[in-house]
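Remarks on the overall topology
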2 protein chains.
Amino acid sequence: MPRRSGCPINLTLETFGDRWSLIVLRDIMFGKARTFRALLAGNIEGIASNILADRLARLVAHGLLSRQGDPAHSQRVIYSLTEASIGLVPMMAMMGAWGLRYRSPSPELGIRARLLEDGGPELWAAFMDELRHLHLAGPEPARSVMGELQTAFQAMSRGETV
Amino acid sequence: MPRRSGCPINLTLETFGDRWSLIVLRDIMFGKARTFRALLAGNIEGIASNILADRLARLVAHGLLSRQGDPAHSQRVIYSLTEASIGLVPMMAMMGAWGLRYRSPSPELGIRARLLEDGGPELWAAFMDELRHLHLAGPEPARSVMGELQTAFQAMSRGETV
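The structure presented is a predicted model; accordingly, all values stated were derived computationally and were not measured.

Along its length, chain A carries eight helices and two strands. What you see in chain A, going N to C, is helices and strands ordered as α-α-α-α-β-β-α-α-α-α. Relative to the 2.2 N^0.38 estimate, which gives 15 Å for 162 residues, the radius of gyration of chain A is 16 Å and therefore close to what a compact globule would have. Taken across its 162 residues, chain A has 38% of its residues classed as buried. Relative to all contacts within chain A whose residues are 6 or more apart in sequence, the contacts with residues 24 or more apart total 44%.

To continue, consider the interface of chain A and chain B. Each partner contributes residues to the interface: chain A has 42 residues there, and chain B has 42 residues. Counting only elements with at least two residues in the side of chain A that touches chain B, the list comes to α1 (8–16), α2 (19–31), α6 (89–102) and α7 (107–136) of chain A. For the side of chain A that touches chain B, the element with the highest residue contribution is α6 of chain A, accounting for eleven residues.

The next thing to look at is the packing of α2 of chain A against helix α4 (residues 49–61) of chain A. When two helices pack together, their arrangement is captured by the angle between the axes and the distance separating the axes. All names here are of chain A. With their axes 9 Å apart at the nearest point, α2 and α4 run at an angle of 80° to one another. Between α2 and α4, the crossing angle belongs to the class labelled roughly perpendicular. Where α2 approaches α4, its residues Trp20, Ser21, Val24 and Leu25 are matched on the opposing element by Ile51, Leu52, Arg55, Leu56, Arg58 and Leu59. Tallied by class, residues from the contact of α2 with α4 come to seven nonpolar, one polar and two charged.

Residue and element names in this part refer to chain A. For α2, which comprises 13 residues, the first-to-last C-alpha distance of 17 Å matches the rise-based estimate of 18 Å (1.5 Å per residue) to within 8%. Among the 13 residues in α2, twelve count as buried, and that is most of the element. Among the residues making up α2, those that are buried are Arg19, Trp20, Ser21, Leu22, Ile23, Val24, Leu25, Arg26, Asp27, Ile28, Met29 and Phe30. Phi for Lys32, located one or two positions after α2, is positive at around 70°.

The next point concerns the relation of the copies chain A and chain B. Structural alignment of chain A on chain B gives an RMSD of 0.0 Å, achieved by rotating through 180° and translating 0.0 Å along the axis. One copy is carried onto the other by what is essentially a two-fold rotation axis. Relative to the rotation axis, the closest C-alpha in chain A is found at Asp18 of chain A, a distance of 2.6 Å. In this assembly the copies share their binding face: 100% of the residues contributing to the interface of chain A also contribute to that of chain B.

A few words on the pairing of strand β2 (residues 73–81) of chain A. Along any regular strand, the residues point their side chains to alternate faces of the sheet. Residue and element names in this part refer to chain A. Pairing of strand β1 (residues 65–70) with β2 involves six bridges; the strand directions are antiparallel. Bridging from a neighbouring strand, Asp70 pairs with His73 of β2. Count of turn residues in the β1/β2 antiparallel hairpin: two residues.

Checked against the element boundaries, Ser157 of chain A lands in helix α8 (residues 145–157). Separated by 46 residues in the primary sequence, Ser157 of chain A and Ile111 of chain A have C-alpha atoms spaced 9.9 Å apart.

Here we come to the nonpolar core. Counting 80 residues, the largest nonpolar core has Met91 of chain A together with Met91 of chain B as its most contacted members. Not counting residues up to four positions away in its chain, the partners in contact with Met91 of chain A are Met91, Met94, Met95 and Trp98 of chain B.

Along its 30 residues, helix α7 (residues 107–136) of chain B runs just 32 Å from first to last C-alpha, ending more than 12% under the 44 Å computed at 1.5 Å per residue. Along α7 of chain B, the sharpest change in direction is near 115° and occurs at Gly120 of chain B; proline Pro121 of chain B comes one to four residues later. When α7 of chain B is considered as a whole, its buried residues turn out to be Leu109, Gly110, Ile111, Arg112, Ala113, Leu116, Phe127, Met128, Glu130, Leu131 and His135 of chain B. Looking at the buried positions of α7 of chain B, the neighbouring elements they touch are α1 of chain A together with α2 (19–31), β2 (73–81), α5 (83–86), α6 (89–102) and α8 (145–157) of chain B. At the exit of α7 of chain B stands Ala137 of chain B, carrying a positive phi of roughly 55°.

Another point: the domain arrangement of chain A. Residue and element names in this part refer to chain A. Each assigned domain of chain A is listed here: domain 1 (1–85) and domain 2 (87–162). Of note, the centres of domain 1 and domain 2, computed from C-alpha atoms alone, are 19 Å apart. On the side of domain 2, eight residues touch domain 1, which itself brings nine residues to the contact. Elements supplying a minimum of two residues to the side of domain 1 that touches domain 2: α2, β2 and α5 (83–86). Broken down by element, the residue count for the side of domain 1 that touches domain 2 peaks at four residues, all from α2. For the side of domain 1 that touches domain 2, a count of residues per class yields five nonpolar, two polar and two charged.

Procedures and definitions
- Residues numbered from 1 in each chain as written.
- Chains lettered and ligands numbered in written order.
- Predicted model: local features only at pLDDT ≥ 70, side-chain atom pairs only at ≥ 80, totals over all residues.
- Helix = DSSP H or I, 4+ residues; strand = E, 2+ residues; numbered from the N terminus.
- Rg over C-alpha atoms; globule rule 2.2 N^0.38 Å.
- Buried ≥ 20, exposed ≤ 12 C-beta atoms within 10 Å, placed from the backbone.
- Contact = placed C-beta atoms within 7 Å.
- Axes fitted to C-alpha atoms, helices over the stretch in contact; angles between N-to-C directions.
- Parallel < 35°, antiparallel > 145°, perpendicular 65-115°, else oblique.
- Nonpolar A, V, L, I, M, F, W, Y, C, P; charged D, E, K, R; others polar.
- Expected span 1.5 Å × (residues − 1).
- Least-squares fit on C-alpha atoms with pLDDT ≥ 70 in both.
- Pairing = 2+ DSSP bridges.
- Core = buried A, V, L, I, M, F, W, Y, C linked by C-beta atoms within 7 Å.
- Bend = angle between axes of the 7 residues up to and from the residue.
- Domains from an automatic or database assignment.

See the structure below:
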């Protein structure tokens, strides 16, 4: 019978459960998707709708997402990152860096991971400030890391060198 | 139907599948366990023997562990980290740092995560050199990060402040 443990690595892994939770956070973090419909349509791994619904509920229950009704559409729910999930940016950057080095990502999907790794803690902090602006009504930062990543991704998608 | 994708974060997550693979790597990395029996007996989360067997095979298949027979015991197999799994040290450090900040780890299990985070890339590189020495017959480094972590863990376990 598995036991709980107070190991911080285990507690982090227990919070997610499986890869789909982190995939959903990735899509919200880097892809700007904020609704169930946008997350389902935009996910490149083809997440199933029941899995998406389950992981969104799980992420809300664990304090990694918050949900708000959209005043303009009574049936639409908007998901926001929390301080805890924004705090995952460095771990996401390290996951991407590892995949980049030891797996074979596609060049256009790998470029963002490369920029995140190369930018280091300074770029992560700027990206986290931008996410706080977009999700937690924090002040608008001068630098848009998301814009930089998107520009590089689009250039790679057109076959240009970045 | 889930699709493959070339996203480096997804490729990293796909490699592990679930948390038990990373728990097993954690035990080999920080706990020095190298055999099935030592991993089963030493795991504080109470991993089941069939799950341990499955994840060890999966980690070998993905190139994150190698297995060697022990010349002294014909039935005993010793597992070693590979360059790819040693490359997970920064990600493990970030996972521990997140758990430390946003979950409530026990103080004695949290101390290693705190030292790993505080030490940053310099300490991670020294730890990786030590793991290369222990698992890949690399040269013996002057600094033993594992010794530093173990000393701090034991002091915390005795109720001392580190």
